[in-house]
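Chain by chain, the residues run as shown.
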Amino acid sequence: MVVFFGLKIYSQKKFSTAKLHKMVSGKSMFRDMTTDLCKYQILGDPKEIGNYVKVNILCDSGKKANSTLSLSAIEDKTVGGFIKEYARIIGFDEKLFFKNNIMCYLDGKVLTSEMLTGPILPKSDIDCSENDKI
Amino acid sequence: MKNKVINCTKLLLFIFILVLALFVRKRNYAEIPIPGQSVDEYSYSWVGLSLIESGVPVGISGIDGYKNSFSRYINVDRFFQTVSTGDPLTINYPWMDHPPLLGLITGGYAYLAGARVFEDTTSYLIRKPIIVISTISVGLLMVYCWVNFGFITAVIGGITYATTPLVVLSGRMIQAENAIIPCLLACMIFISLYFKYKKDYWLLLAAVIAGIATLFKLTGVVCHLFIFFALLNNYKNNFIDLWKDFKFFLLVSLPISFLFVVFGSVYGLDNFKNILFSNYNRFYGIGPNSLIELIRNQRLTQHKFLPEFSVISGWFIFFGYFFKQHKNMTEKLVVLSLLSYLIIYIFFGSQPYGWYSFPFWPLLIIVLSKFLADGIQGGSNLLAGFFISILILGANISRLIGIFEFQPYANLWRIGVSVMFFVLTLMSVIRLRYKLLVRILLLGIVVAIMFTNIMYLNGINIDFWWKNIS
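Computed from a predicted structure; not experimentally measured. (Residues numbered from 1 in each chain as written. Chains lettered and ligands numbered in written order. Predicted model: local features only at pLDDT ≥ 70, side-chain atom pairs only at ≥ 80, totals over all residues. Heavy atoms only, no water.)

Our focus in this paragraph is the overall build of chain A. Along the backbone of chain A there are 3 helices and 5 strands. Its C-alpha atoms give chain A a radius of gyration of 18 Å, more than 25% over the compact-globule value 14 Å for 134 residues. When the backbone C-alpha atoms are referred to their principal axes, chain A occupies close to 65 × 30 × 30 Å. Counting every position in chain A, which comprises 134 residues, the buried fraction comes to 40%. For chain A, contacts bridging at least 24 residues in sequence account for 59% of all contacts bridging at least 6. (Helix = DSSP H or I, 4+ residues; strand = E, 2+ residues; numbered from the N terminus. Rg over C-alpha atoms; globule rule 2.2 N^0.38 Å. Buried < 20%, exposed > 50% of the residue type's maximum accessible area, 1.4 Å probe, protein only. Contact = heavy atoms within 4.5 Å.)

Laid out in structure tokens, this is it:
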């Protein structure tokens, strides 16, 4: 009885969806942040067919980072929301995407700040490069 | 005075083996096994962390029946960069796949170390408690052997269990089986002491530990099954005494096990029931392959194997003990514990996962150590003991330097083994008992096994893992 009511009261007091979101999507204090967009990537392809976005980044050093993310795991399904989530997963400041020497294209069109609020469509490609090498 | 010195030396050796066990488990523990190859390690810790942080257990589940689930990329240890299949993780809450005790230990430790979000639960942090638990298992294995078979068996068992690479690497993984192992060993110790001294508190302790074992995972019920078999075997046809003891045992252990139901009912009894029954639909490895796999291939994870001759030979000796009529109760207890877990293993149908077989290993190593110690102490199985120990050593050497690199030493090995085999055979035939010589020889092989185990463990890094452990 003590365990039952103790746990019941504790969970009712402590649980909230905001807290859940913070625990699941919060940034780690132990993980390094990188400024090199090509240092890390997400391996493999999601099994879910047709509901993904590909991110391909080409760096000055010749390194590449190719990631495929399932859209089912992205809460904010706008272009800006997707980039923010990608930056969180990889561990870099999302503003790096919009630095002067980095050029990005969304399905072949230059990525502008106006496009960030628009929806991200399944099977989209985001291609970025340092100094527009694409 | 002489006895005091001997006892102090024994105690020091006991402590030395424990320190060695901790040392080999701790080295590179955050890198090997590669974090993320089993996401269960994170899931257990997330369950504990979320339970403390938010009062609701949140984790990864592969079974149906959950009302709340969503997908997320949680790139802890950057495992999406190393071992990912590309799929995001499916998060479920309230998570009730297993009881939450292991999660509370690893997640609780992470919480105390400052972790607040799931990405904080790095393998560097969360594997620390499990290393301590698996070192405790080494100590309990030695205590069981010491109490029941004597100090030489305890030393051989301790050294083998402390340094066998498969056991060391698996002992770093956050899997409930690693917590069930010390519970089962403790139950074996307590029940053997109960039979020896007839004091109720030993049975009480066994009951408490058996109850706790089920709070790690439902397969912890192996402790209940083992105690039942042990009592049944002890009382033979005296059902009144059997029932009296088993009733007492259940009266203590079941309320502890029942805490899982209380835990489940906090988050909705229907939900709990759905998830519990979904477990029945899990993959079931029926067929002969599940048992052949168990004996022939020792798995670390679903796709990583590390065959160990000490475990394989433990199986052979177990079958020997199983079919032989034993008068010695302490030997019977090991056979009964192995049999109990074999029943649980088959019932839970656990072929594709490596960790389900972890609890067999300490039991098989006890059986092996008893067999080798009998040989060392001048028993009838001297030649068989020598043969098995030399096979284990040979397998270890082949792992270290490779079969082709070994060829320049092949003649030396053959001559050495043949001479030793000839001498031991001769001694057996003419009934010469040079106990000291035999002891030095077999203990020397055991030390060589320990040394080669440690050498192999020292050579395992990320590169070696990918290239050589498949």
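This is not the end of the story, as more comes after the structure.
Along its length, chain B carries 22 helices and 3 strands. The globule rule puts the C-alpha radius of gyration for 470 residues at 23 Å, and the 23 Å found for chain B is close to it. Projected onto the principal axes, the alpha-carbon positions of chain B cover approximately 75 × 60 × 50 Å. Residues classed as buried in chain B amount to 59% of the 470 residues present. Relative to all contacts within chain B whose residues are 6 or more apart in sequence, the contacts with residues 24 or more apart total 78%. Put simply, chain B shows about 19,600 Å² of open surface, and 69% of that area lies on carbon and sulfur atoms. When the 36 positive and 21 negative side-chain charges of chain B are each reduced to one mean point, those points stand 14 Å apart. (Areas by Shrake-Rupley, 256 points an atom, 1.4 Å probe, with all protein chains shown as cover. Lys, Arg positive; Asp, Glu negative; His and termini not counted. Charge placed at Lys NZ, Arg CZ, Asp CG, Glu CD.)

Residues and elements named next belong to chain A. Of all the 7 residues making up strand β5 (residues 124-130), 5 are buried; the element is thus mostly covered by neighbouring parts of the structure. The pairing of strand β1 (residues 52-58) with β5 spans 6 bridges and is parallel. Bridging across to β5, valine 53 finds its partner in serine 124. Across 5 bridges, the pairing between strand β3 (residues 102-106) and β5 is antiparallel. Among the inter-strand pairings, isoleucine 102 is bridged to a residue of β5, identified as glutamate 130. (Pairing = 2+ DSSP bridges.)

All names here are of chain A. With the rule as written, the count across this model stands at 2 disulfides over all chains. Between the sulfur atoms of cysteine 38 and its disulfide mate cysteine 59 the distance is 1.9 Å. Handedness of the cysteine 38-cysteine 59 disulfide follows from its S-S torsion of about 95 degrees: it is right-handed. Within this pair, whereas cysteine 38 is found in the loop between α2 (17-25) and β1, its partner cysteine 59 is found in the loop between β1 and β2 (64-70), the two being separated by 21 residues in sequence. Residues cysteine 38 and cysteine 59 agree in their burial class; the two are buried. Here cysteine 104 connects covalently by a disulfide to cysteine 128, the sulfurs 2.1 Å from one another. Taking the sign of the S-S torsion, about 110 degrees here, the bridge from cysteine 104 to cysteine 128 comes out right-handed. Residue cysteine 104 is found in strand β3, and its partner cysteine 128 is found in strand β5; the two are separated by 24 residues along the sequence. (Disulfide = S-S within 2.5 Å.)

Turning our attention to a nonpolar patch on the surface. All names here are of chain B. A surface patch of nonpolar side chains, about 770 Å² in accessible area, is lined by Ile415, Val419, Phe422, Val423, Leu426, Val429, Ile430 and Leu437. The leading source of residues in the nonpolar patch is helix α20 (residues 410-429), at 6 residues. For isoleucine 415, the location among the structural elements is in helix α20. (Patch = residues over 30% accessible without salt bridge, like charges linked within 9 Å, V, L, I, M, F, W, Y side chains within 5 Å. Salt bridge = Lys/Arg side-chain N within 4 Å of Asp/Glu carboxyl O.)

A separate point is the confidence of the model for chain B. Residue and element names in this part refer to chain B. Taken residue by residue, chain B gives an average pLDDT of 89. The fraction at 70 or more is 95%. No element of chain B has a lower mean pLDDT than helix α14 (residues 288-296), which averages 77, and none a higher one than helix α9 (residues 200-214), which averages 97. Scored as a complex, the prediction yields pTM 0.92 and ipTM 0.92. (pLDDT = per-residue confidence, 0-100.)

A word on unusual backbone geometry. Each neighbour pair has its own omega, and for isoleucine 32 of chain B with proline 33 of chain B the value is -10 degrees, a cis peptide bond. In the segment running from tyrosine 93 of chain B into proline 94 of chain B, the intervening peptide bond is cis, with an omega of -10 degrees. Position of proline 94 of chain B among the secondary structure elements: in the loop between β3 (89-93) and α4 (101-112). The backbone of lysine 123 of chain A shows a phi angle near 65 degrees, a positive value even though the residue is not glycine. Counting through the fold element by element, lysine 123 of chain A comes out in the loop between β4 (109-110) and β5. For arginine 78 of chain B, which is not glycine, the phi dihedral falls at a positive 50 degrees. Overall, the relative accessible area of 8% leaves arginine 78 of chain B in the buried class.

Further remarks concern the packing of helix α5 (residues 123-149) of chain B against helix α8 (residues 176-197) of chain B. All names here are of chain B. At a minimum axis separation of 9 Å, α5 and α8 run at an interaxial angle of 25 degrees. When the axes of α5 and α8 are compared, the pair comes out roughly parallel. Two packed elements cross with a definite hand, and for α5 against α8 that hand is left-handed. Here Ile130, Ile133, Ser137, Leu140, Leu141, Val143, Tyr144, Val147 and Asn148 of α5 lie close against α8, whose contacting residues are Asn178, Ala179, Ile181, Pro182, Leu185, Ala186, Met188, Ile189, Ser192, Leu193 and Lys196. (Axes fitted to C-alpha atoms, helices over the stretch in contact; angles between N-to-C directions. Parallel < 35°, antiparallel > 145°, perpendicular 65-115°, else oblique. Left-handed = near helix turned anticlockwise from the far one by under 90°.)

This next bit is on the pattern of salt bridges. Under the defined criterion, the tally for this structure stands at 13 salt bridges over all chains. What you see here is one network of salt bridges that share partners, running through Arg31, Glu85 and Arg88 of chain A together with Glu119 of chain B.

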